[in-house]
Amino acid sequence: MGEIMLPQQYKEEGNKLFKEGDFDGALASYTKAIELSTHEDKDRPVFLKNRAAVHLKKENYEAAISDCTEVLEQSPYEPKALYRRCQALEALGRVQEAYRDARHLHNQQPDSRDVQPLLARLHKAVQKQMEESAQITNKVQNTYKYVFDITQEKQKREDSANNMLVLAKERSGAEVLMSEDVHVRIMNQLKIETNEEIAVSCIRVLGQLCVDSEARSKRLLRELGVPWLVQLLNSDSGSRVNAAQYLLQIIVSTLAGMDVKGEKKADADKLRENKREVDSVMAVLAVTTNSRAMSARGRDAVLELLLKNCPIQALNWSSALLEAGGVQRLMEVASEMEGYRHESSMDITDSTRTTVAVCLSKLYEDMYYDKAKEQFADAVDDFVKSKLITPEIEGKVRVTAAITCLLLGPLDLGNKMLAKEGILEMMLVMANTDDLLQQRVACEALIAAASKKDKCKSILTQGVDILKRLYQSKDDGIRVRALVGLCKVGSLGGTDALIRPFADGSTMKLAEACRRFLINPAKDKDLRKWATEGLSYLTLDAEVKEKLIEDRASLQAMLGLAKTGDHSVVYGVVTTLVNLTNSYDSQEVIPEMIELAKFAKQHIPEEHELDDEDFVTKRHEVLCKEGVTSALVALAKTESQNSRELIARVFNALCGHQQLRGTVVQQGGARALIGLALEGTAKGKKQAAQALSRIAITINPATAFPGQRACEVIRPVLALLHPECTALENFEALMALCNLAGMSETVRKRIVKEKGLPNIESYMYEEHEMLRRAATQCICNLVSCEEYVVMMEGDNDRVKFLVLLVGEEDEDTSQAAAGALAIATSLSKKVCHKVLEVSSWLEMFRLMLANPREDVCLRGAACTLHMMQADRGVAERLVETDIVEVLMALSKLPPEGETRIKIIKYAEEALLQAKEHGLIKSRDEANSDDE
């Protein structure tokens with residue numbers, strides 16, 4: 001057992017870690033000290049103030065305020081607590097509260113040089129805010145004259161509504177609008193408003209009022225009511241539904257402490273305080289799922305809100321939805337058939353059932369315990385039984401449609417339902433009838449059922465003849481579905497060129513049939529979608545790939561379909577693109593295992609010659625030229641994690657070619673990749689991160705990732721510095737980070753904040769030369785960061801290892817280490833002292849100064865100058881060696897070229913500095929002494 005530490009010891013440990021720049025470690029130590037102390041403990045305020053300092057560094061301003069407030073509750077005028085709370089309040093824009101603290105602080109320390117400018121700055125900010133508030137109040141009142149007056153002219157009202165939206169985006173404007181009860185006026189206005197643009201602006205105003213404000217969000221829920229807010233989704237207008245969906249997401253995110261655009265991670269403390277309100281929103285959304293009164297677009301929005309928020313662990317709404325009968329409601333929606341109308345039907349879009357499939361899949365994944373999975377399966381089973389309890393055809397149709405949805409979502413559960421006695425047989429009987437509706441749903445179910453080889457074999461024996469018969473149907477909808485079924489069965493062999501379920505030539509005939517549906521402008525989108533899905537199976541065949549890549553009309557039709565953003569087309573298009581780019585998972589071929597398989601007379605998969613690297617590269621180039629990136633960007637908005645992984649795979653395959661990376665960036669691929677790298681499956685995030693790394697290596701990061709986007713890239717790229725990643729992924733990540741670190745101090749600080757330094761430094765110890773070089777070059781670009789310099793000054797071997805790396809045989813590594821030392825010694829006297837603690841420092845300095853490579857010599861001369869400038873003690877250590885003679889020799893070099901001139905300048909300045917310390921004399925002074 002380890003020794004138990006006292007609170008004071010944790011505090012000391014926190015102080016040490018804070019000085020070294022390890023803010024996460026310091027936070028943990030101070031937190032431990034606080035947890036072990038009591039409220040009566042005299043040292044507790046110190047622990048809290050220290051933790052507040054860490055929170056300020058990490059920009060956790062609310063937490064800093066909380067810690068300081070606890071201290072001030074016991075000692076109302078404690079200076080450090082007042083100062084740190086004042087800083088945090090100012091950072092959050094709460095200048096009036098910050099000014100209050102600054103005044104109290106000034107009363108305690110009237111002569112403080114830190115407090116006086118702070119007080120003056122905040123006084124000015126308060127005055128400005130008061131002036132702005134008065135102006136905003138006037139603006140708001142003027143805005144009211146037009147927005148809510150339907151007698152005014154249309155343009156004037158629309159302009160006023162937009163102005164009100166601009167005001168709502170400002171904190172002070174939002175406060176004034178709420179004080180004027182604008183939310184109640186909007187509620188009343190929306191009951192009579194006929195102007196769509198004004199209605200949408202009003203809903204967006206409500207959303208902006210709730211941004212980052214728990215108080216305003218709660219007030220809206222209380223005074224407008226959750227049912228009314230959810231009912232805003234009940235519209236056929238896409239812009240109105242989007243605005244209402246954003247409003248509801250903002251409310252949930254604000255009350256749960258989530259970042260709407262960033263990671264979907266709730267704040268447990270905030271959620272505890274606001275659980276009742278969040279639960280009320282989620283409960284109404286759950287009940288609305290299968291409401292017959294809800295519009296098709298509105299239903300999709302409800303499903304997307306459930307999909308986004310139920311899986312968030314702290315919300316715990318996956319389990320709550322199951323308990324509240326939500327699974328049965330989702331199955332009701334899954335059982336709907338587009339185009340099939342019945343008195344009990346609900347409105348759905350092309351994408352509804354796809355979204356339901358994804359939603360069911362995500363919810364089922366969140367059933368972490370076997371018992372929960374059993375409950376989920378029981379809920380599905382109850383739904384199936386309830387529909388089959390009567391002999392009516394509608395029940396069979398709905399059950400078949402719902403099971404198809406399961407097979408596209410939680411596959412294990414779908415197969416479990418499919419395996420129930422009589423279900424598959426029922427589908428085959430339905431497919432063999434003359435009723436078009438039964439044929440259609442049964443055909444779709446058979447396609448979905450053939451997801452695994454064992455199921456394909458079952459359908460091969462029982463259903464292929466039925467599919468062939470259905471393909472002769474006069475109804476295009478039946479024909480194309482039967483075609484896809486045949487395509488799926490025909491792709492049983494995958495990429496193995498030796499397995500062909502059908503006769504030679506059949507695959508190409510099926511592909512041509514799909515093509516005819518795809519490129520025919522007279523066919524509706526649904527038929528073209530199914531044709532694309534057929535190609536997604538057939539393009540496992542290399543001959544079909546080559547035929548398709550040469551068919552510009554088919555490619556443009558498929559990519560055009562993708563650019564619509566329709567969720568239902570995602571799978572077919574993306575899978576086809578994965579096949580065309582060969583970006584699927586390929587099993588590593590081990591020669592010894594092949595020989596063993598031959599000996600055992602086992603079948604050995606064989607890759608087609610048309611899948612050789614040259615053919616694959618050509619396909620990548622053609623797709624890029626045809627605008628595949630724009631299609632991928634549109635498809636990347638899907639919530640399906642598996643589809644997102646496939647999209648990331650295609651992106652990464654394209655970015656594997658240096659000449660294609662510029663096109664990917666120009667067409668918006670970089671932005672889409674950031675989203676794919678932050679959320680999705682583990683493999684998908686890795687693929688997207690590698691693509692981002694490749695872009696950052698080739699293209700100027702400032703161009704590829706402008707503004708804040710450069711900081712968003714850091715976390716996914718750092719994730720590639722993991723032992724489970726390949727050496728290539730490690731290397732590309734290091735090179736990307738090196739380029740990113742060269743952008744700005746903001747980016748460098750972000751790398752430090754994301755705990756990237758230890759990971760990067762670990763590769764400086766790697767035996768692999770290229771990894772070691774890339775890591776050292778990355779550190780060279782990071783060393784100017786203030787936090788890293790503080791860490792170098794700490795009790796560690798960072799400086800020592802940089803000195804030793806100067807002696808590396810690899811010239812680029814040596815140069816990077818010398819560059820890092822040159823920067824570090826210019827920024828810190830302590831680093832200069834630590835250099836002298838390395839036993840081989842003199843040898844390394846000689847190596848740099850006498851290096852035939854002028855770039856290394858220049859860095860050595862800069863290091864020497866900085867050491868001379870540090871203080872007399874350091875300079876004296878240098879003068880005691882032969883460094884002075886080397887500097888003199890360098891100062892006499894002929895001035896040839898820009899680098900050489902700099903070397904001479906640094907050498908002369910270093911000698912002059914030694915002279916000013918009184919450690920050496922000029923030649924004239926030496927001669928004078930001799931006389």
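Predicted model only: the values in this text are computed from it and were never measured.

Asks: Quick one: what's the story with the overall build of the protein, residue by residue and with numbers?
Replies: Across its full length, the protein holds 55 helices and 0 strands. Counting across all 931 residues of the protein, residues that qualify as buried make up 54%. Counting only contacts in the protein whose residues sit at least 6 apart along the sequence, the fraction spanning at least 24 positions is 67%. Accessible surface computed for the protein: about 43,200 Å², of which carbon and sulfur atoms make up 48%.

Asks: Could you give an account of the nonpolar core, with specific residues and numbers?
Replies: Generally speaking, soluble globular proteins have nonpolar side chains that are buried together. Core analysis: the largest hydrophobic core is formed by 270 residues, its most contacted members being Leu233, Leu285, Phe376, Leu577, Phe705 and Ile760. With residues near it in sequence (within four places) discarded, Phe705 still touches Ala670, Ile674, Leu692, Ile695, Ala696, Ala710, Val713, Leu740 and Met743. Counting residues in each nonpolar core, the second largest holds 27 residues, with Leu48, Val71, Leu89 and Val126 among its members.

Asks: Any chance you could break down the layout of surface pockets for me, citing the residues and the numbers?
Replies: The space that makes up the second largest pocket amounts to roughly 600 Å³. If you go around the second largest pocket, you meet 25 residues; those closest to its centre are Phe23, Lys749, Val752, Lys753 and Glu787.

Asks: If you had to explain the packing of aromatic side chains to someone new, which residues and values would you point to?
Replies: Aromatic ring pairs are defined here through the distance separating the ring centres and the angle between the ring planes. In total, this model carries 4 aromatic pairs according to the counting rule given. Geometrically, the ring pair formed by Tyr765 and Phe801 is tilted, given 4.3 Å between the ring centres and 50° between the ring planes. Here Tyr765, found in the loop between helix H44 (756-762) and helix H45 (769-782), pairs with Phe801, found in helix H47 (residues 798-805); they are 36 residues apart in sequence, far enough to count as distant. A residue is classified by how much of its surface remains accessible, and Tyr765, at 52% relative accessible area, is exposed.

Asks: Residues and numbers for the environment of Arg479, please.
Replies: Along the polypeptide, Arg479 turns up in helix H27 (residues 476-490). What Arg479 contacts, discounting residues up to four positions off in sequence, is Leu470, Tyr471, Ser473 and Phe517.

Asks: Describe the environment of Gln687, naming the residues involved and giving the relevant values.
Replies: Note on placement: Gln687 falls in helix H39 (residues 682-698). In sequence terms Gln687 and Ala648 are 39 residues apart; their C-alpha atoms lie 5.6 Å from each other. Those residues within four positions of Gln687 in sequence are excluded, and the remaining contacts are Ala648, Arg649 and Asn652.

Asks: Go over the packing of helix H38 (residues 669-678) against H39 with me, naming the residues and quoting the values.
Replies: Packing of H38 against H39 brings their axes to within 7 Å, and their N-to-C directions diverge by 145°. Of the two elements, H38 crosses H39, and the hand of that crossing is left-handed. Taking contact as the criterion, the partners of Ala670, Leu673, Ile674, Leu676, Ala677 and Leu678 in H38 are, on H39, Gly684, Lys685, Ala688, Ala689, Ala691, Leu692 and Ile695. Counted by class, the contact of H38 with H39 contains 11 nonpolar, 1 polar and 1 charged residues.

Asks: Help me get a handle on the confidence of the model for the protein, residues and values and all.
Replies: Averaged over all residues, the pLDDT of the protein is 85; the fraction at 70 or higher stands at 90%. Between residues 493-503, whose pLDDT stays under 50, and residues either more than four places distant or in other chains, the model counts 26 contacts. Within the model, pLDDT remains below 50 along residues 923-931, and this stretch shows 3 contacts once partners closer than five positions in the same chain are excluded.

Asks: Give a detailed account of unusual backbone geometry, specifying residues and quantitative values.
Replies: At Glu59, a residue that is not glycine, the phi angle is positive and equals roughly 65°. When you line up the elements, Glu59 lands in the loop between helix H3 (44-57) and helix H4 (61-74). Residue classification places Glu59 among the partly exposed positions, given a relative accessible area of 48%. Backbone geometry places Asp212, a non-glycine residue, at a positive phi of 55°. Mapped onto the elements of the fold, Asp212 is located in the loop between helix H11 (196-210) and helix H12 (214-224). Judged by its relative accessible area of 75%, Asp212 is exposed.

Asks: I'd love a proper account of helix H6 (residues 95-108), names of residues and values included.
Replies: End to end, H6 covers 20 Å across 14 residues, agreeing with the expected 20 Å (1.5 Å per residue, within 8%). Those residues of H6 lying buried are Val95, Ala98, Tyr99, Asp101, Ala102 and Leu105. Buried residues along H6 cover an arc of 165° about the axis, so they all sit on one side.

Asks: Kindly report on the packing of helix H51 (residues 854-870) against helix H54 (residues 898-916), identifying the contributing residues and their values.
Replies: H54 packs onto H51 with a crossing angle of 20° between their chain directions and a minimal axis gap of 9 Å. The pairing of H51 with H54 is recorded here as roughly parallel in orientation. Regarding H51 and H54, the two cross each other, and that crossing is left-handed. Across from Glu854, Asp855, Cys857, Leu858, Ala861, Ala862, Leu865, Met868 and Gln869 in H51, the residues of H54 making contact are Thr899, Arg900, Lys902, Ile903, Tyr906, Glu909, Ala910, Gln913 and Ala914. For the contact of H51 with H54, the residue count by class is 10 nonpolar, 3 polar and 5 charged.

Asks: Now, about the pattern of salt bridges: what can you tell me, with residues and values included?
Replies: Enumeration according to the criterion identifies 56 salt bridges in this entry. Note that Glu876 is salt-bridged to Arg872, the shortest N-O span being 3.8 Å. Of this pair, Glu876 and Arg872 are both found in helix H52 (residues 872-879), 4 residues apart, which corresponds to roughly one turn of the helix. A residue is classified by how much of its surface remains accessible, and Glu876, at 35% relative accessible area, is partly exposed. Accessibility expressed as a relative area gives 40% for Arg872, which makes it partly exposed. One continuous salt-bridge network, built from bridges that share partners, spans Arg353, Arg440, Glu444, Arg481, Asp526 and Lys529.

Asks: Hey, could you go over a negative patch on the surface for me, with residue numbers and the actual values?
Replies: A contiguous patch of negative charge, built from Glu543, Glu609, Asp612, Glu613 and Asp614, is present on the exposed surface. Topologically, Glu609 is positioned in the loop between helix H33 (591-599) and helix H34 (613-625).

What counts and what doesn't
Residues numbered from 1 in each chain as written. Predicted model: local features only at pLDDT ≥ 70, side-chain atom pairs only at ≥ 80, totals over all residues. Heavy atoms only, no water. Helix = DSSP H or I, 4+ residues; strand = E, 2+ residues; numbered from the N terminus. Buried < 20%, exposed > 50% of the residue type's maximum accessible area, 1.4 Å probe, protein only. Contact = heavy atoms within 4.5 Å. Areas by Shrake-Rupley, 256 points an atom, 1.4 Å probe, with all protein chains shown as cover. Core = buried A, V, L, I, M, F, W, Y, C linked by side-chain atoms within 4.5 Å. 1 Å grid on protein atoms, 1.4 Å probe; cavity = no way out; pocket = protein on both sides within 12 Å on 5 of 7 lines; lining within 4 Å. Points joined across faces, edges and corners; volume = space filled by probe spheres on them. Phe/Tyr/Trp six-rings, centres within 6.5 Å; stacked < 30°, edge-to-face > 60°. Axes fitted to C-alpha atoms, helices over the stretch in contact; angles between N-to-C directions. Left-handed = near helix turned anticlockwise from the far one by under 90°. Nonpolar A, V, L, I, M, F, W, Y, C, P; charged D, E, K, R; others polar. pLDDT = per-residue confidence, 0-100. Expected span 1.5 Å × (residues − 1). Arc of directions from axis to C-beta. Parallel < 35°, antiparallel > 145°, perpendicular 65-115°, else oblique. Salt bridge = Lys/Arg side-chain N within 4 Å of Asp/Glu carboxyl O. Patch = residues over 30% accessible without salt bridge, like charges linked within 9 Å, V, L, I, M, F, W, Y side chains within 5 Å. Lys, Arg positive; Asp, Glu negative; His and termini not counted. Charge placed at Lys NZ, Arg CZ, Asp CG, Glu CD.

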